[in-house]
Amino acid sequence: MTADIIDGKAAAAEVRAEVERGVAALDTPPGLATLLVGDDPASAIYVASKRKQCTRLGMRDLHQHLPADIGQDELTTVIDDLATDPTVTGILLQLPLPRHLDPAPLIARIPPTKDVDGLTELSAGRLTLGRPGLRPCTPAGVMHLLARAGVKLEGANAVVVGRSALVGKPQAQLLLAENATVTTCHSRTRDLTEITRRADILVAAAGIPRMIGPDAVKPGAIVIDVGMHRLETGLCGDVDTDAVIDIAGMITPVPGGVGPMTIAMLLQNTLHAAELATAS
Ligand code: NAP
């Protein structure tokens with residue numbers, strides 16, 4: 001049996017259309033402040049894509065491109081100004097930053113109500129405690145794909161490979177919040193394959209090209225591939241898709257799976273932040 005393909009492109013298009021309708025219903029369009037520090041080419045591409053989609057959906061693009069040699073204090077002031085500016089709905093500090101800057105205290109300056117990346121300590125704490133808040137975009141996108149595919153999470157064995165603050169940890173929390181039984185694996189996990197083979201839902205977010213092979217997947221499992229690698233042979237994920245496709249029940253492709261969801265969820269978070277600001 002060949003796995004059903006979970007279509008992230010179609011899902012992201014639906015989310016964008018819904019966000020566009022939500023934006024049109026607001027009196028004032030939300031404003032997204034993306035902060036790009038320096039000239040890292042990959043970051044520049046990501047930010048350009050976020051800005052393009054933001055304006056396409058009717059939001060205001062409040063982008064700032066800051067010099068690579070900006071100081072920690074100066075950047076703190078930029079974020080503090082955005083934090084108190086009522087025309088700014090969401091603040092996104094594009095990572096990684098130049099080496100002389102310490103990201104943690106900068107991220108901490110973003111108020112949780114404007115934390116559209118969901119990466120501040122307050123947002124992480126709210127997620128862990130099951131309180132309302134803005135959730136990190138990539139794991140939120142995975143949850144959206146699972147819900148859209150009609151995957152039953154309650155009581156399911158979910159295994160997350162990876163424990164980063166960006167993906168693995170919030171992913172595990174989001175699955176737990178939906179009553180899955182969650183195991184988080186990492187670089188020191190013993191017998192990884194033994195554990196992943198028990199997963200009804202397997203989320204691969206280790207950052208190692210095609211590390212999840214057919215021996216690591218239970219027949220019929222839902223396999224979500226968060227990994228994204230640009231190899232000489234083309235794009236691939238953390239899952240060896242060709243080898244796993246006849247074993248899994250459903251699988252996300254790379255590209256076209258989780259990737260398109262990340263920006264869609266950023267836009268949804270920005271709309272959500274605007275709605276919350278309007279309500280308060
Ligand atoms: P990361 O910060 O490098 O974290 C990788 C995690 O994987 C760490 O927790 C690490 O464990 C674990 N790990 C490493 N080797 C392992 C192994 N052999 N077995 C089990 N676990 C292992 O990466 P990330 O930011 O979470 O991203 C993960 C992947 O997702 C990357 O390929 C990235 O490009 C991709 N990504 C895609 C999107 C998207 O929009 N599609 C967004 C974000 C990330 P330790 O904690 O023990 O080191």
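Quick summary incoming for the structure in this document.

1. Looking at the site of the ligand
The environment of the ligand is formed by 21 residues, the closest being Arg 163, Ser 164, His 186, Ser 187 and Thr 262. Between the ligand and Arg 163 there is a distance of 2.7 Å, counted from an oxygen atom to a side-chain nitrogen or oxygen. In the model, an oxygen atom of the ligand is placed 3.2 Å from a nitrogen or oxygen of the Met 228 main chain. Considered on its own, the ligand offers 920 Å² of accessible surface; in the complex 69% of this is hidden by protein. Broken down by class, the residue content of the shell around the ligand amounts to 10 nonpolar, 10 polar and one charged.

2. Overview of the layout of surface pockets
If you add up the space inside the largest pocket, you get close to 1300 Å³. Taken together, 42 residues line the largest pocket, and the ones lying closest to its centre are Tyr 46, Thr 138, Met 228, Gly 259 and Thr 262. Sorting the residues of the lining of the largest pocket by element identifies helix 2 (41-56), strand 5 (90-93), helix 6 (137-148), strand 10 (229-231) and helix 10 (259-279) as the ones contributing at least two each. A breakdown of the residues in the lining of the largest pocket according to their chemical character gives 25 nonpolar, 11 polar and six charged. A domain split of the lining of the largest pocket shows at least three residues from each of domain 1 (27-111) and domain 2 (136-259). Forming the walls of the second largest pocket are 22 residues, and the residues nearest its centre are Arg 135, Ala 140, His 144, Met 265 and Gln 268. Elements supplying a minimum of two residues to the lining of the second largest pocket: helix 1 (8-24), helix 6, helix 7 (168-177) and helix 10. For the lining of the second largest pocket, the element with the most residues is helix 10, which contributes six residues. Residue composition of the lining of the second largest pocket, by class: 11 nonpolar, seven polar and four charged.

The rules behind each value
- Residues numbered from 1 in each chain as written.
- Predicted model: local features only at pLDDT ≥ 70, side-chain atom pairs only at ≥ 80, totals over all residues.
- Heavy atoms only, no water.
- Near = heavy atom within 4 Å.
- Polar contact = N/O pair within 3.5 Å; in protein donor to acceptor, adjacent residues only side chain to side chain.
- Areas by Shrake-Rupley, 256 points an atom, 1.4 Å probe, with all protein chains shown as cover.
- Nonpolar A, V, L, I, M, F, W, Y, C, P; charged D, E, K, R; others polar.
- 1 Å grid on protein atoms, 1.4 Å probe; cavity = no way out; pocket = protein on both sides within 12 Å on 5 of 7 lines; lining within 4 Å.
- Points joined across faces, edges and corners; volume = space filled by probe spheres on them.
- Helix = DSSP H or I, 4+ residues; strand = E, 2+ residues; numbered from the N terminus.
- Domains from an automatic or database assignment.

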